[in-house]
Amino acid sequence: MNKTQNITLSLLKDLLQKIKHIAINKQTSVSGLLTKTLEEIVKKEDLYEKARLHHIDILENNIDLGTEGKTTWNREDLYERLYWFAIC
């Protein structure tokens, strides 16, 4: 069971007034608005961390790209290819 906990927040009066108007426009309370916003921040951070760990895992486990460790291109090939896509 999730328990809630109250916090105290100090804001400039002008800022609080604007936040109250935003909350009214969204048909919620300041507390509800802040809760939703903070939940979204936490969700984004969690997704970022999950993606970061996934990519680290990919890098550490040396995924086979089918090149057998050899490059079949050189810098000039890449520039030529980039130029071709730029003019198309």
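Residues numbered from 1 in each chain as written. Predicted model: local features only at pLDDT ≥ 70, side-chain atom pairs only at ≥ 80, totals over all residues. Heavy atoms only, no water.

### Regarding the overall build of the protein
Right, so step 1: Scanning the protein for helices and strands turns up 3 helices and 0 strands.
Right, so step 2: Counting helices and strands in the order they occur from the N terminus, the protein gives α-α-α.
Right, so step 3: Against the compact-globule benchmark of 12 Å for 88 residues, the protein has a radius of gyration of 25 Å, which places it well outside the compact range.
Right, so step 4: Within the protein, buried positions represent 3% of all 88 residues.
Right, so step 5: About 9300 Å² of surface is accessible on the protein, with carbon and sulfur atoms providing 56% of the total.
Right, so step 6: The centroid of the 13 positive side-chain charges in the protein is displaced by 14 Å from the centroid of its 13 negative side-chain charges. (Helix = DSSP H or I, 4+ residues; strand = E, 2+ residues; numbered from the N terminus. Rg over C-alpha atoms; globule rule 2.2 N^0.38 Å. Buried < 20%, exposed > 50% of the residue type's maximum accessible area, 1.4 Å probe, protein only. Areas by Shrake-Rupley, 256 points an atom, 1.4 Å probe, with all protein chains shown as cover. Lys, Arg positive; Asp, Glu negative; His and termini not counted. Charge placed at Lys NZ, Arg CZ, Asp CG, Glu CD.)

### Let's talk about helix α2 (residues 30-60)
Right, so step 1: The end-to-end C-alpha distance of α2 is 45 Å, a good match for the 45 Å that 31 residues give at a rise of 1.5 Å each.
Right, so step 2: One or two positions beyond α2, positive phi appears at N62, with a value near 45°. (Expected span 1.5 Å × (residues − 1).)

### What about unusual backbone geometry?
Right, so step 1: Backbone geometry places Q27, a non-glycine residue, at a positive phi of 55°.
Right, so step 2: When you line up the elements, Q27 lands in the loop between α1 (13-25) and α2.
Right, so step 3: A relative accessible area of 76% places Q27 in the exposed class.

### So, the confidence of the model for the protein
Right, so step 1: Residue-level pLDDT values for the protein average 90, and 99% of them are 70 or greater.
Right, so step 2: Model confidence for the protein, summarised as mean pLDDT per element, is weakest for helix α3 (residues 75-87) at 81 and strongest for α1 at 98. (pLDDT = per-residue confidence, 0-100.)

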